Structure formats: C-alpha cells, structure tokens
Amino acid sequence: MNPEPILKAEGVVRSYGERRVLKGVDLSLRPGEIYALLGHNGAGKTTLVRAICGRLRPDAGSVLLNGADPARVPAARAGLGLVPQEIALYANLSVRENIETFATLAGVPRAQIPAAVRRAMELTRTLDRAGAPVRTLSGGFQRRANIAAAIVHEPTLLILDEPTVGVDIDAREAVDTVIRDLRGLGVAVLIVTHDLDQAGALADRVGFLRDGAMVLEGDPRALVAEAFGDQMEILVHLAEGLDMAGEIHLAAEGLEPTRRPGVWTRLDSGGYGAAGRLDARLRQLGLAPREIRVRQPSLANLFSLVAERKAA
Ligand SMILES: Nc1ncnc2c1ncn2[C@@H]1O[C@H](COP(=O)(O)OP(=O)(O)OP(=O)(O)O)[C@@H](O)[C@H]1O
Ligand SMILES: [Mg+2]
C-alpha cells in the first residue's frame, strides 16, 4: 500500500483583493516522491508554496503537513525545508558555519548539531569546501550549500523554488543528484520550476498550474504518451536570419518557432519518413535545413499544448 501522504492540500483558495489567485487547488505528496510544479509566470505557484509552508493562510480549503496545519502548528513546520529562489546564506561565513546557524535556528539540539551538519554536507557534497566562506564559492556550489542549510534538521518535505535558475549544466546535474539521493531517503520533494527538461528527467509526478487551477497532473511519461500517442516531434534547425517569406513557408508546412533562434518544430505521426519529405520540401523552397531531428515528444510539447488549450 502507498504510505500516508506527507502533504495533503485540498481545495486551497486564496485571493489578493478581488483577484482569485488560487481557485481550489489539491496537491498531495508521499514520502520518496519528487513532484514538479509547473506553470507560467503568475499562475500561482509561489502563492501555493507559501500556503503549504504556513506563511499564508488560505481563504478556503486546508493544508495538512504530517497531519497538522502548518499555519497553526509550529511542529508541522518543523517537518519542512525550504530552499528559496535567491541564495539565502551568510556570505562571509563558511559553509559549515552557515549550516550550523540554520541547524540552531531550526531547533536541532546542540549536542546533535555537529553530526547533523556533517550529514547535510555529505548529502549535498559540500564537505570538501566546508571551511570556505560562501562568497568565494561558485553559484552552483552555493546552491548546494543552500540545500544543505534547508535539510540539516531532516525535514520530511523539501521545497525548492526554482533551484536551477542561472546555474550551469554541471551544477544543475549536481543539484539533480542531491534531489534523487533525498528521494532515496524517503524525503518528499516539491520543485517549482520553469525547466521542463529537469522536470521531465527528475519528477515522478508533475502538475500544471494555470490561472490558479491544477489543469493536468500525473507521471510525466504517461502524460506525454497519452497526449501525443505515436506522434514524434520533428525539429528543424535553419540558418538564422530567416526573412518573412521564409517564415510564412515554414508556417505553411505546419512548423512553429521554438524559443531557440532558427529552430522550428512540428508533431507528426509519420516519423522519419515525414522528416525526410519535409527536408525535401524545404530544400525546394530554398530553406535547406542545417539539421533535422526526430525525437519523442517531451514535457515541453505538452506544456505548449496545455497553454494553447487556454487560448482555444
Ligand atoms: N502579495 C501579493 N499581493 C497582491 N498580488 C499578489 C501578491 N503575491 C502575488 N500576487 C499575484 O498573484 C498572482 C500569482 O502570483 P505567484 O507569485 O503565486 O505566481 P507564480 O506562479 O509563482 O509566478 P512566477 O513564475 O512568476 O514566480 C500574480 O498575478 C501576482 O501578481
Ligand atoms: Mg513564483
């Protein structure tokens, strides 16, 4: 049987003035589960996180953390670790001193602090620079130290708000490894992210929040398979500096621009054969692709689809 949820939020409603920012959101997390919360700017993600942390009381609905309301019961908050988007460490203190400080603030008994700090540094692989002032460390290392500070009191739920913004790929993989190790220890992890590649690779479940409502939730692979069936994504890389006529031709072939300059995309159930025909067609039009790739649709495709449904 599934273990009891660590977090159970039901029907959470919250307004700012006249505006309903959360319109009855349910969210539950079990031990050892990684959940990625996705959604455009302003969808309500941080508001939901603040309600889960007990920093904001919902107008309606309920939040239970380890069975208690975090807005009323301090012991419920003790089971929570929060890694904020901005690095929140003392720049002039060493990594060890920072984590010791957070351990004290979180109420770890004094005699247990050395062992707790060591464990947090081992888990986040920050031990080898334990004595270095935080300001001398790379951004990626600081982020891991920030996670160490959030887990020193052994929370059952760890929340990370945008853990990989402005972090290079090596540092991102290091953060992902830490998150996976925590899952292995039975910690429930809630990640708020715009990084769909990270979410797809890491999360056991994802949820799309749109305009304050959870519009889609589930195992990312299952959701993608269900939405796209046997369709594949065809990615076309073109030389940059395409003119308006070129863009019109591409649109007529069913291609849409991606966020990367010169890269266009289309879904097609014809797979490689369709990609070959598209290549020939574009060459005829004088738009010879530099590269064409065929790949499984990703969470990014699903995200666009969900966003479009709103427009429709
Ligand atoms: N304290 C506040 N007072 C008034 N409005 C607020 C307040 N906090 C947030 N909002 C509004 O609530 C909506 C949801 O904000 P929220 O910060 O939860 O979004 P988000 O999904 O975290 O966005 P982002 O991806 O940009 O961080 C936004 O329209 C925001 O302007
Ligand atoms: Mg936010």
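This is a predicted model, so every value here is computed, not measured.

Brief notes about the UniProt feature "domain: ABC transporter" (unreviewed entry) in the protein chain
Residues annotated by UniProt as "domain: ABC transporter" (unreviewed entry) correspond here to residues 7-236. Span residues 7-236 is 34% helix and 27% strand, its end C-alpha atoms 43 Å apart.

Here's the deal with the site of ligand 1
With respect to spatial proximity, the complete set of residues near ligand 1 consists of Y16, R19, V21, H40, N41, G42, A43, G44, K45, T46, T47 and H194. One of the side-chain nitrogen or oxygen atoms of N41 is found 2.9 Å away from an oxygen atom of ligand 1. Within the contact set of ligand 1, an oxygen atom lies 2.9 Å away from a backbone nitrogen or oxygen of G44. Against a free-state accessible area of 640 Å², the protein chains account for coverage of 59% of ligand 1. Where the shell around ligand 1 is concerned, the elements lending two or more residues are β2 (19-29) and α1 (45-52). For the shell around ligand 1, the element with the highest residue contribution is α1, accounting for 3 residues.

Here we look at the side chain of R144
By secondary structure assignment, the location of R144 is in helix α5 (residues 139-151). For the buried R144, no salt bridge is present, and the opposite-charge side chain at shortest range is D128, 6.2 Å distant. Apart from the residues lying within four places of it in its own chain, the contact partners of R144 are T124, R125, T126, A174, V175 and V178.

With respect to the packing of aromatic side chains
As enumerated under the stated definition, the model contains 2 aromatic pairs in all. An angle of 45 degrees between the planes, with centres 6.5 Å apart, marks the rings of Y90 and F102 as tilted. In this pair, Y90 is assigned in the loop between β5 (80-83) and α3 (95-105) and F102 in helix α3, connecting sequence segments 12 residues apart. The partly exposed category is assigned to Y90, whose relative accessible area is 43%. Taking 5.5 Å as the distance between ring centres and 40 degrees as the angle between the ring planes, the aromatic pair formed by F208 and F303 counts as tilted. Taken together, the positions of F208 in strand β8 (residues 205-210) and F303 in helix α11 (residues 299-311) put the pair 95 residues apart, joining distant regions of the chain.

Observations regarding helix α4 (residues 113-123)
Taken residue by residue, α4 has I113, A116, V117, A120, M121 and L123 as its buried positions. Within α4, the buried residues cover an arc of 165 degrees as seen down the axis, which keeps them to one side. Facing away from the buried surface of α4 by more than 90 degrees, the exposed residues are P114 and A115. The inward-facing, buried residues of α4 contact α3, α5 and α6 (169-184).

Some thoughts on the nonpolar core
Core analysis: the biggest nonpolar cluster contains 35 residues, and V95, I99, I147, L158, L160 and I179 have the highest contact counts within it. Looking at this core, the elements with two or more residues in it are α3, α4, α5, β6 (157-161), α6 and β7 (188-192). Per-element accounting of this core gives the leading share, 7 residues, to α5. Residues in contact with V95, not counting those within four places in the same chain, are M121, T126, R129, A130, A132, V134, L137, F141 and A145. The next biggest cluster of nonpolar side chains, apart from the first, holds 28 residues, and it includes V25, L27, V49 and I159.

Concerning the sheet that holds strand β11 (residues 256-257)
Paired through their backbone hydrogen bonds, the strands of a sheet run either parallel or antiparallel. Strand order in the open sheet made by the 4 strands is β11-β12-β10-β13, with antiparallel pairing throughout. Unpaired on one side and paired on the other, β11 and β13 (291-295) mark the two borders of the sheet. Strand direction decides the pairing type here: strand β10 (residues 232-237) and β13, joined by 5 bridges, are antiparallel. When the sheet's bridge partners are listed, I234 is paired in β13 with V294.

Things to note about the sheet that holds β2
Ordered by their spatial adjacency, 3 strands build an open sheet running β2-β1-β4, and the pairing between neighbours is antiparallel. A strand with exactly one partner marks an edge of an open sheet, and here the two such strands are β2 and β4 (60-65). Recorded for the sheet is a direction-independent mean angle of 25 degrees between the axes of neighbouring strands. Running over the sheet, α1 touches β1 (7-16), β2 and β4 and is turned about 60 degrees from β2.

Some words on the domain arrangement of the protein chain
Domain assignment breaks the protein chain into domain 1 (7-224) and domain 2 (232-296). Look at where the C-alpha atoms of domain 1 and domain 2 centre, and you get two points 39 Å apart.

Comments concerning the packing of α3 against α5
Where α3 contacts α5, the two axes come as close as 9 Å, and the packing angle between them is 30 degrees. One finds that α3 runs roughly parallel with respect to α5. In this structure, α3 meets α5 at a crossing whose hand is right-handed. Along the contact surface, α3 presents V95, I99 and F102, while α5 presents F141, A145, A148 and A149. Here the residues of the contact of α3 with α5 are counted per class, giving 7 nonpolar, no polar and no charged.

Quick notes on the rules
- Residues numbered from 1 in each chain as written.
- Chains lettered and ligands numbered in written order.
- Predicted model: local features only at pLDDT ≥ 70, side-chain atom pairs only at ≥ 80, totals over all residues.
- Heavy atoms only, no water.
- UniProt positions renumbered as here; feature names shortened; annotations may be inferred.
- Helix = DSSP H or I, 4+ residues; strand = E, 2+ residues; numbered from the N terminus.
- Near = heavy atom within 4 Å.
- Polar contact = N/O pair within 3.5 Å; in protein donor to acceptor, adjacent residues only side chain to side chain.
- Areas by Shrake-Rupley, 256 points an atom, 1.4 Å probe, with all protein chains shown as cover.
- Buried < 20%, exposed > 50% of the residue type's maximum accessible area, 1.4 Å probe, protein only.
- Lys, Arg positive; Asp, Glu negative; His and termini not counted.
- Salt bridge = Lys/Arg side-chain N within 4 Å of Asp/Glu carboxyl O.
- Contact = heavy atoms within 4.5 Å.
- Phe/Tyr/Trp six-rings, centres within 6.5 Å; stacked < 30°, edge-to-face > 60°.
- Arc of directions from axis to C-beta.
- Core = buried A, V, L, I, M, F, W, Y, C linked by side-chain atoms within 4.5 Å.
- Pairing = 2+ DSSP bridges.
- Axes fitted to C-alpha atoms, helices over the stretch in contact; angles between N-to-C directions.
- Domains from an automatic or database assignment.
- Parallel < 35°, antiparallel > 145°, perpendicular 65-115°, else oblique.
- Left-handed = near helix turned anticlockwise from the far one by under 90°.
- Nonpolar A, V, L, I, M, F, W, Y, C, P; charged D, E, K, R; others polar.

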